[in-house]
Amino acid sequence: MPPDASPPARPGRGSIRWRLIGGLFLILLGTLGFVGGGLYAVVRGQIDERVRAEQELIASQFEILATQGVNPDTRQPFTDPEPLLEVMLERAALPPSAGILGIVGDGVRWEAPTGVRLRLEDDPQLEEHLVSLAGGADVVTGGLRTEQREYRYMVAPVRFAGSPQTGVLAYATDMDAERATLHQMIVDYLWVALASLVLTSVVVAAWVRRLLRPIALLRETATAISEHDLSDRVPVRGNDELAALTTTVNQMLDRIETGVSQQRALLDDVGHELRTPITVVRGHLELMDTDDPEDVRNTRAIAIDELDRMGGLISDLLVLAKAHQPDFLSRRPTELAELTDSVLTKARALGERTWVMSRVADEVADIDPDRITQAWLQLAANAVKYSEPETPIQIGSRASMGEAYLWVADRGIGIPADELEVVRGRFGRAKGVRGRFEGSGLGLSIVDSIAAAHGGHLDIVSEPGVGSTFTIVIPLHPSHPRGES
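Residues numbered from 1 in each chain as written. Predicted model: local features only at pLDDT ≥ 70, side-chain atom pairs only at ≥ 80, totals over all residues. Heavy atoms only, no water.

> Looking at this structure, I do not really get unusual backbone geometry. What am I missing?
Here Arg75, not a glycine, exhibits a phi torsion of approximately 60°, which is positive. Considering the arrangement of structural elements, one finds Arg75 in the loop between strand 1 (70–71) and strand 2 (76–77). We classify Arg75 as exposed; its relative accessible area is 66%. Positioned with a positive phi, Glu390 is a non-glycine residue whose angle comes to about 70°. (Helix = DSSP H or I, 4+ residues; strand = E, 2+ residues; numbered from the N terminus. Buried < 20%, exposed > 50% of the residue type's maximum accessible area, 1.4 Å probe, protein only.)

Below, the structure written as structure tokens:
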């Protein structure tokens with residue numbers, strides 16, 4: 001690692017993994033809290049409703065006994081609240097958490113039987129409050145929190161014509177006792193929820209770790225990749241979105257590796273090709289006799305010639321470098337017939353040959369006519385270079401199955417079959433032309449790059465001593481798959 005390079009970042013608490021785990025933990029916590037709170041509210045409401053129904057039942061029984069009941073001592077209807085309250089307290093069926101009192105006038109006259117657990121008279125605050133409500137004419141219900149517990153009470157008054165006394169039936173329920181089971185249930189729920197939360201968090205952590213493993217592999221692979229080793233790839237597992245992302249990243253790494261390899265090869269070739277003219281210029285300048293005007297002129301001519309060759313080489317390299325950029329092409333609808341005629345007219349100036357228009361396509365193609373013209377004329381220039389004067393060179397175009405075919409055919413020296421791939425590469429030249437013909441070996445590479453930028457390719461058919469046919473094959477419209485009409 002270079003001295004100024006920072007170590008690769010490790011995923012911390014703010015990583016995607018921990019954010020997912022934390023988010024799912026909070027969602028689960030909120031869900032359990034919502035369920036627990038809802039359960040508590042529902043059960044508490046049911047308890048309150050049951051207590052209210054019990055109080056209504058006691059009030060209804062008291063009213064029925066007062067209006068329709070018979071005094072067991074006199075066998076006559078009740079005419080005094082005291083015996084009525086006595087009978088009611090003896091007959092009332094009370095739950096364990098409820099108590100009852102009989103109030104006559106300003107004090108407690110009757111207490112619940114000894115079997116009743118909740119003794120209302122043992123809580124002075126409650127007794128005082130109930131006695132204070134005894135002067136009313138209607139049934140009164142309410143709640144009261146004393147130092148001992150919380151109550152839900154009901155006070156039902158009774159009066160008889162001709163009796164000077166007013167009786168009150170006081171009924172109260174211990175709400176703390178009623179809710180004790182609910183509180184225990186909530187405590188049990190909290191323990192179960194906590195255990196579920198811990199267990200679920202462990203499972204979620206393992207699941208998230210497994211789910212995000214491809215991302216970790218991506219990070220590890222990116223960390224392992226260096227400018228000297230671009231061969232590492234991320235294993236593709238499954239068929240989900242992360243697998244698709246992994247495949248895309250691997251394809252990107254393939255392109256990067258290919259680009260870096262091409263860049264290295266280009267730099268090596270450029271260094272090799274530029275070294276020769278620089279060496280030639282430097283050597284002649286070092287040996288030049290500055291006192292000899294003739295030697296100065298000759299050296300100057302040689303230097304200018306070499307610099308021109310370097311300039312042409314650099315121009316070709318710039319074209320190759322731009323061929324992979326998005327703005328390399330400027331497409332527009334182009335008449336292939338007009339383009340073919342224009343290229344033939346321009347090619348006639350390249351050399352004294354018998355120029356022939358063999359065929360013309362009557363189609364409109366969505367292409368960059370300037371780049372296609374550049375590539376087409378490069379093929380024509382090669383045909384002139386490697387053929388004899390007055391020999392025929394054919395230029396033509398045709399369209400078939402959604403593709404355009406633009407060719408140049410000559411009767412030059414030809415290319416051996418085993419060297420066809422060599423001449424396509426940068427600075428690639430056939431063995432038979434080295435030293436005999438000038439050139440950088442970039443011409444066909446430029447043509448191939450322009451064809452590839454259009455979504456096509458360059459076909460070469462050649463036979464030594466017979467001639468060669470170079471054909472640029474490109475789609476008429478870039479949206480049409482190859483092979484469609």
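And the narrative resumes.
> I tried to follow a nonpolar patch on the surface on my own but got confused; where do I start?
On the surface, Val187, Trp191, Leu194, Val198 and Val202 cluster together to form a nonpolar patch covering roughly 500 Å² of accessible area. For Val202, the location among the structural elements is in helix 4 (residues 175–211). (Patch = residues over 30% accessible without salt bridge, like charges linked within 9 Å, V, L, I, M, F, W, Y side chains within 5 Å. Areas by Shrake-Rupley, 256 points an atom, 1.4 Å probe, with all protein chains shown as cover. Salt bridge = Lys/Arg side-chain N within 4 Å of Asp/Glu carboxyl O.)

> Just checking my understanding: could you explain the sheet that holds strand 4 (residues 107–111) for this structure?
Two strands in a sheet stick together by hydrogen bonds in their backbones, pointing the same way (parallel) or opposite ways (antiparallel). As summarised here, the arrangement of the 5 strands in space is 4-3-7-6-5, forming an open sheet in which the pairing is antiparallel. Each having just a single partner strand, strand 4 and strand 5 (140–145) make up the two edges of the open sheet. Neighbour-to-neighbour, the strand axes of the sheet open up by a mean angle of 30°, direction not taken into account. Pairing analysis gives 6 bridges linking strand 5 to strand 6 (residues 150–158), with the strands arranged antiparallel. (Pairing = 2+ DSSP bridges. Axes fitted to C-alpha atoms, helices over the stretch in contact; angles between N-to-C directions.)

> Looking at this model, I keep getting lost on the nonpolar core. Mind explaining?
As a rule of thumb, nonpolar side chains are buried together in soluble globular proteins. With 39 residues, the main nonpolar core has Leu336 and Ile472 as its most contacted residues. If you tally residues by element for this core, the top one is helix 9 (residues 369–385), at 7 residues. With residues near it in sequence (within four places) discarded, Leu336 still touches Ala361, Glu363, Ala365, Ile367, Ser397, Ala404, Leu406 and Leu476. Within the second largest apolar cluster, 23 residues are counted, among which are Val87, Met88, Met154 and Ala156. (Core = buried A, V, L, I, M, F, W, Y, C linked by side-chain atoms within 4.5 Å. Contact = heavy atoms within 4.5 Å.)

> Could you clarify how one ought to interpret a negative patch on the surface in this entry?
A cluster of like negative charges, contributed by Glu335, Glu338, Asp341, Asp362 and Glu363, occupies part of the molecular surface. Structurally, Asp362 is set in the loop between strand 9 (354–359) and strand 10 (364–367). (Lys, Arg positive; Asp, Glu negative; His and termini not counted. Charge placed at Lys NZ, Arg CZ, Asp CG, Glu CD.)

> Is there a simple way to think about helix 2 (residues 81–91) in this case?
In an α-helix, one turn spans 3.6 residues; hence positions three or four apart end up facing the same way. With 8 of 11 residues buried, helix 2 is to be regarded as a mostly interior element. Among the residues of helix 2, those classed as buried are Pro81, Glu82, Pro83, Leu84, Leu85, Val87, Met88 and Leu89. Buried positions along helix 2 lie against helix 1 (16–68), strand 1, strand 3 (98–104), strand 4, strand 6 and strand 7 (167–174).

> I tried to follow the packing of aromatic side chains on my own but got confused; where do I start?
Any aromatic ring pair is given by two values, namely how distant the centres are and how the planes are angled relative to each other. Scanning all chains against the criterion turns up 0 aromatic pairs. Over the face of the ring belonging to Tyr405 we find Arg398, whose NZ or CZ atom lies 4.1 Å from the ring centre. (Phe/Tyr/Trp six-rings, centres within 6.5 Å; stacked < 30°, edge-to-face > 60°. Lys NZ or Arg CZ within 6 Å of the ring centre and 35° of its normal.)

> What should I look at first to understand the pairing of strand 12 (residues 403–410) in this one?
The side chains of a regular strand alternate, first on one face of the sheet and then on the other. With respect to burial, strand 12 is a largely interior element, 8 of its 8 residues being buried. Burial of strand 12 is two-sided: the residues Glu403, Tyr405, Trp407 and Ala409 facing one way and the residues Ala404, Leu406, Val408 and Asp410 facing the other way are all buried. With 8 bridges connecting them, strand 11 (residues 392–400) and strand 12 associate as antiparallel partners. Across the sheet, the residue bridging to Ile393 is Asp410, located in strand 12. Linking strand 11 back to strand 12 in an antiparallel pair, the connection comprises 2 residues, with Met401 at a positive phi of about 55°. Across 8 bridges, the pairing between strand 12 and strand 14 (residues 467–475) is antiparallel. By the bridge assignment, Val408 is partnered in strand 14 with Phe470.

> Sorry if this is basic, but what is going on with the environment of Ile16 here?
In this fold, Ile16 is placed in helix 1. Residues Ile16 and Leu212, spaced 196 residues apart in sequence, show a C-alpha to C-alpha distance of 8.5 Å.

> Please explain the confidence of the model for the chain as it appears in this structure.
Fine structural detail should not be taken from predicted coordinates in areas where pLDDT scores are low. Summarising the model, the chain shows a mean pLDDT of 81, and 87% of its residues fall at 70 or more. Note that residues 1–9 has pLDDT below 50 and, in this model, 5 contacts with residues that lie over four places away or in other chains. Contacts for the low-pLDDT stretch residues 480–485, under 50 throughout, to residues beyond four places or in other chains number 11 contacts. (pLDDT = per-residue confidence, 0-100.)

> Help me understand the sheet that holds strand 13 (residues 457–463), please; the structure alone is not making it clear to me.
In space, the 5 strands of this open sheet follow the order 9-11-12-14-13, with mixed pairing throughout. Strands at the two margins of the open sheet, each flanked by one partner only, are strand 9 and strand 13. The average angle at which neighbouring strand axes cross in this sheet is 15°, direction not considered. Direction of pairing for strand 9 relative to strand 11: parallel, over a ladder of 5 bridges. Its bridge partner lying in strand 11, Thr354 is registered against Pro392. Sheet contacts for helix 9: strand 9, strand 11, strand 12, strand 13 and strand 14; angle to strand 12, the most-contacted strand, approximately 20°. Sheet contacts for helix 11 (residues 443–453): strand 13 and strand 14; angle to strand 13, the most-contacted strand, approximately 140°.

> Explanation requested: the packing of helix 8 (residues 336–347) against helix 9 in the structure shown.
How two helices sit against one another is set out by the angle between their axes and by the gap between those axes. The N-to-C vectors of helix 8 and helix 9 enclose an angle of 45°; their axes lie 10 Å apart at closest approach. In this view, helix 8 runs oblique relative to helix 9, as classed from their interaxial angle. Considering only the axes of helix 8 and helix 9, their crossing is right-handed. Contacts between helix 8 and helix 9 pair Leu339, Thr340, Val343, Lys346 and Ala347 from the former with Pro369, Ile372, Thr373, Trp376, Leu377 and Ala380 from the latter. For the contact of helix 8 with helix 9, the per-class residue count stands at 8 nonpolar, 2 polar and 1 charged. (Parallel < 35°, antiparallel > 145°, perpendicular 65-115°, else oblique. Left-handed = near helix turned anticlockwise from the far one by under 90°. Nonpolar A, V, L, I, M, F, W, Y, C, P; charged D, E, K, R; others polar.)

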